[in-house]
Amino acid sequence: MAERGFETPPEVLGYFRGRELRPRFSWLDVFGAEHAHAFTVAKVTSLDMLKAFEAAIDRSLKGSVGFETFQADILGQLKALGVTGPIKVADPTGRAPMTKVDFTSPRRLKTIFWSNMNAARAAGQWDRIQRSKAVLPYILYVRTTAADPRREHLRWVGTILPADHPFWRTHFPPNGWLCKCSVRQIGRPEKERLVGAPVRGMPGGPTYSDEAPPVVLRPFRNKRTGEVAQVPDGIDPGWHVSHGPARRQTMSQILVDKIDSMAPAAARTAVEQFVGDAAFERLVYEAQRTGAKRGAMKAAGETAAAIDAAAPWNRAPVPVAVWPDDLAAFAPAMPRTVTATDAAIAHTPDHHFAPSIWSEVADILATAAAYHDLSDPNRPEKALFVAPDIDAGKRKLVVVEKRGDRLELVTFFRAPLRYVRNQLLKAIQLR
């Protein structure tokens with residue numbers, strides 16, 4: 001039974017269960033965006049203990065239970081591991097001295113419970129916002145329920161911005177340890193009614209505003225890794241990468257990594273199932289809406305910065321094909337999964353395909369004429385795939401580039417035959 005009378009949304013559990021286990025000595029060892037990919041508990045260097053914490057938090061999320069239930073659960077798990085009070089923990093890297101840690105202390109357990117529960121809930125809320133933003137396109141920053149609110153966070157109360165605004169990439173709550181700020185998704189009529197009015201519950205305070213608050217960045221040096229991150233003023237280091245916006249990147253990367261680990265036949269089946277799924281269909285249509293908005297803004301003379309602010313790409317890689325075995329020499333040491341981002345899917349409105357057409361990409365890579373493009377030595381190496389089209393004067397053209405350690409599809413469109421011939425002038429045939 002759920003103690004609080006509601007069922008945990010599946011996207012909340014999906015986010016939490018999608019993270020890999022990383023036993024680490026310091027919270028700084030898994031920092032910023034890494035937290036969206038990895039589950040860690042500071043000073044827990046034992047995999048068995050980390051699994052116990054993960055299982056207890058999973059049960060708490062699934063059952064929507066409070067801290068007391070979690071506390072009783074994890075204390076029982078720790079006792080089974082022989083941990084009933086303070087223990088000595090060594091830093092595996094040798095950079096810190098032996099430390100005495102009490103994993104049973106209520107204060108430590110509350111921090112572990114709060115941070116993981118709220119990060120997962122934020123990720124789930126973000127996912128729901130993205131699904132319904134066509135109807136409710138704005139996010140409203142809501143005043144914290146804390147008795148002693150942070151003044152920096154109060155500055156953001158009443159801010160109303162589009163769901164895709166870059167502000168939410170860093171300021172989607174929670175915005176620090178034990179932060180109780182929240183957001184609410186609203187529609188255009190409510191937004192227009194609120195803007196300019198005093199914020200409710202804050203007499204003499206701010207008014208609702210549809211302008212992004214100024215963001216002042218300050219450098220934070222991670223003393224464990226030496227990495228220097230730019231952290232917005234008012235946000236605790238480590239919370240400056242919002243778990244909500246980071247969720248899509250996390251889940252996409254998990255899927256790609258999983259397919260990379262499969263045997264070729266299983267990988268091809270997995271990609272085929274993903275591209276044929278409703279989730280991919282939603283991704284394509286959402287990308288096309290973003291692409292159309294960007295195209296309209298560009299035609300209206302808007303600057304690149306303004307376009308990126310109003311209609312940003314999320315650039316989460318998703319699998320669209322498996323690299324064919326007969327072309328292994330083109331990318332001998334790279335993962336086989338070919339990915340694409342929303343920018344590749346919809347960067348040019350004239351090139352927008354229905355989601356069902358994207359199922360052809362795998363077949364094109366497997367059977368179409370393939371070429372190694374040598375036209376620009378200053379750009380990443382790329383392969384061109386040319387397939388017949390229903391229009392005899394055109395060809396379906398797929399371009400795949402080597403980007404970092406991945407093979408990434410950068411464009412897929414129907415190209416005039418003359419254009420294709422020009423592209424092949426400085427290319428050598430691979431198949």
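Relevant structure appears above.
Just so it is clear, the model here is predicted, and its values are computed rather than measured.

K.L.:
Got a minute to help me understand the overall build of the chain in this structure?
P.N.:
Scanning the chain for helices and strands turns up 14 helices and 16 strands. Relative to a compact globule of 431 residues, whose C-alpha radius of gyration would be 22 Å, the chain shows 25 Å and is just as compact. For the chain, the C-alpha atoms occupy an extent of roughly 70 × 55 × 45 Å along the three principal directions. Each of the 431 residues in the chain was classed as buried or not, and the buried ones make up 48%. Of all intrachain contacts in the chain linking residues separated by at least 6 positions in sequence, the fraction that spans at least 24 positions is 63%.

K.L.:
What should I look at first to understand the state of the cysteines in this one?
P.N.:
Here, disulfide denotes a covalent bond that connects the sulfur atoms of two cysteines. According to the stated counting rule, one finds zero disulfides in the structure shown. The thiol of Cys 179 is unpaired, and the distance to the nearest cysteine sulfur, on Cys 181, comes to 3.7 Å. The exposure class of Cys 181 is buried, given its relative accessible area of 11%.

K.L.:
Could you clarify how one ought to interpret the packing of aromatic side chains in this entry?
P.N.:
Remark: the centre distance and the inter-plane angle together describe each pair of aromatic rings, the angle taken between the planes. Within the structure shown, the criterion is met by 17 aromatic pairs. Ring centres of Trp 27 and Trp 177 lie 6.2 Å apart, and the angle between their planes is 85°; this geometry places the pair in the edge-to-face category. With Trp 27 in the loop between strand 1 (20-21) and strand 2 (38-39) and Trp 177 in the loop between helix 6 (167-171) and strand 7 (182-186), this pair connects stretches of sequence that are 150 residues apart. Overall, the relative accessible area of 30% leaves Trp 27 in the partly exposed class. With a centroid separation of 5.6 Å and an interplanar angle of 65°, the aromatic rings of Phe 274 and Phe 280 are classed as edge-to-face. A cation over an aromatic ring shows up here: Lys 43 above the ring of Phe 25, its NZ or CZ 4.7 Å from the ring centre. Its guanidinium or amino end placed over the ring of Phe 330, Lys 402 lies 4.6 Å from that ring's centre, counting from NZ or CZ.

K.L.:
What am I meant to see in unusual backbone geometry here?
P.N.:
Most peptide bonds adopt trans geometry, and most residues besides glycine take a negative phi value. The residue after Pro 173, namely Pro 174, is reached through a cis peptide bond having omega 10°. For Pro 174, the position within the fold is in the loop between helix 6 and strand 7. Positive phi outside glycine occurs at Ser 64, with the angle close to 55°. As for its placement among the helices and strands, Ser 64 is situated in the loop between helix 2 (47-63) and helix 3 (67-80).

K.L.:
I keep staring at the layout of surface pockets and nothing clicks. Help me out?
P.N.:
Empty pockets left among the atoms are what a rolling probe the size of a water molecule brings to light. Within this model, the second largest pocket holds a volume of roughly 560 Å³. Around the second largest pocket, the lining is made up of 26 residues, and of these Trp 27, Ala 42, Thr 111, Ser 115 and Trp 177 lie nearest the centre. Of all the secondary-structure elements, those providing two or more residues to the lining of the second largest pocket are strand 2 and helix 4 (106-132). When residues of the lining of the second largest pocket are assigned to their parent elements, the largest contribution, seven residues, is made by helix 4.

K.L.:
For this particular structure, what's the right way to read the nonpolar core?
P.N.:
Considering soluble globular proteins, one finds that nonpolar side chains tend to be buried as a cluster. If you look at the biggest cluster of nonpolar residues, it comprises 41 residues, and the most contacted ones within it are Trp 323, Trp 358, Phe 385 and Leu 409. For this core, the element with the highest residue contribution is helix 9 (residues 264-275), accounting for five residues. Residues contacting Trp 358, with those up to four places away along its chain left out, are Val 275, Phe 280, Val 284, Val 320, Ile 345, Phe 353, Leu 409 and Phe 412. Core analysis: the second largest hydrophobic core is formed by 29 residues, Val 12, Phe 70, Leu 78 and Leu 109 among them.

K.L.:
It is not clear to me how the sheet that holds strand 14 (residues 394-403) should be interpreted in this structure. Could you clarify?
P.N.:
What holds strands together in a sheet is hydrogen bonding between their backbones, with the strands either parallel or antiparallel. Spatially, the seven strands line up as an open sheet ordered 10-11-15-14-13-12-16, and their pairing is mixed. Among the strands making up the open sheet, the edge pair consists of strand 10 (318-322) and strand 16 (427-429). With direction set aside, neighbouring strand axes in the sheet form an average angle of 35°. Sheet analysis places strand 13 (residues 382-388) next to strand 14, joined by seven bridges and oriented antiparallel. Of the residues in strand 14, the one forming a bridge with Ala 387 is Lys 396.

K.L.:
Help me understand the pairing of strand 14 in this model?
P.N.:
Across a regular strand the side chains alternate sides, sitting on one face of the sheet and then on the other. Most of strand 14 is tucked away, with seven of its ten residues classed as buried. Counted between consecutive antiparallel strands, the loop separating strand 13 from strand 14 contains five residues. Two strands pair when backbone bridges link them, and strand 14 and strand 15 (residues 406-416) are joined in this way by ten bridges, in the antiparallel orientation. Counted as the bridge partner of Lys 396 is Arg 414 from strand 15. Where strand 14 hands over to strand 15, the hairpin turn is made up of two residues, of which Gly 404 adopts a positive phi near 65°.

K.L.:
Looking at this model, I keep getting lost on the pattern of salt bridges. Mind explaining?
P.N.:
Where charged atoms from two side chains of opposite charge come close, those side chains can pair. Scanning all chains against the criterion turns up 19 salt bridges. Note that Arg 431 is salt-bridged to Asp 326, the shortest N-O span being 2.9 Å. Taken as a pair, Arg 431 in the segment after strand 16 and Asp 326 in the loop between strand 10 and strand 11 (337-340) lie far apart in primary sequence, 105 residues in all. The exposure class of Asp 326 is exposed, given its relative accessible area of 51%. The partner of Asp 389 in a salt bridge is Arg 414, with the nearest N and O atoms 2.7 Å apart. You can see Asp 389 sitting in the loop between strand 13 and strand 14 and its partner Arg 414 sitting in strand 15, a full 25 residues away along the chain. A relative accessible area of 33% places Arg 414 in the partly exposed class. One continuous salt-bridge network, built from bridges that share partners, spans Glu 360, Asp 389, Lys 396 and Arg 414.

Calculation notes
- Residues numbered from 1 in each chain as written.
- Predicted model: local features only at pLDDT ≥ 70, side-chain atom pairs only at ≥ 80, totals over all residues.
- Heavy atoms only, no water.
- Helix = DSSP H or I, 4+ residues; strand = E, 2+ residues; numbered from the N terminus.
- Rg over C-alpha atoms; globule rule 2.2 N^0.38 Å.
- Buried < 20%, exposed > 50% of the residue type's maximum accessible area, 1.4 Å probe, protein only.
- Contact = heavy atoms within 4.5 Å.
- Disulfide = S-S within 2.5 Å.
- Phe/Tyr/Trp six-rings, centres within 6.5 Å; stacked < 30°, edge-to-face > 60°.
- Lys NZ or Arg CZ within 6 Å of the ring centre and 35° of its normal.
- 1 Å grid on protein atoms, 1.4 Å probe; cavity = no way out; pocket = protein on both sides within 12 Å on 5 of 7 lines; lining within 4 Å.
- Points joined across faces, edges and corners; volume = space filled by probe spheres on them.
- Core = buried A, V, L, I, M, F, W, Y, C linked by side-chain atoms within 4.5 Å.
- Pairing = 2+ DSSP bridges.
- Axes fitted to C-alpha atoms, helices over the stretch in contact; angles between N-to-C directions.
- Salt bridge = Lys/Arg side-chain N within 4 Å of Asp/Glu carboxyl O.

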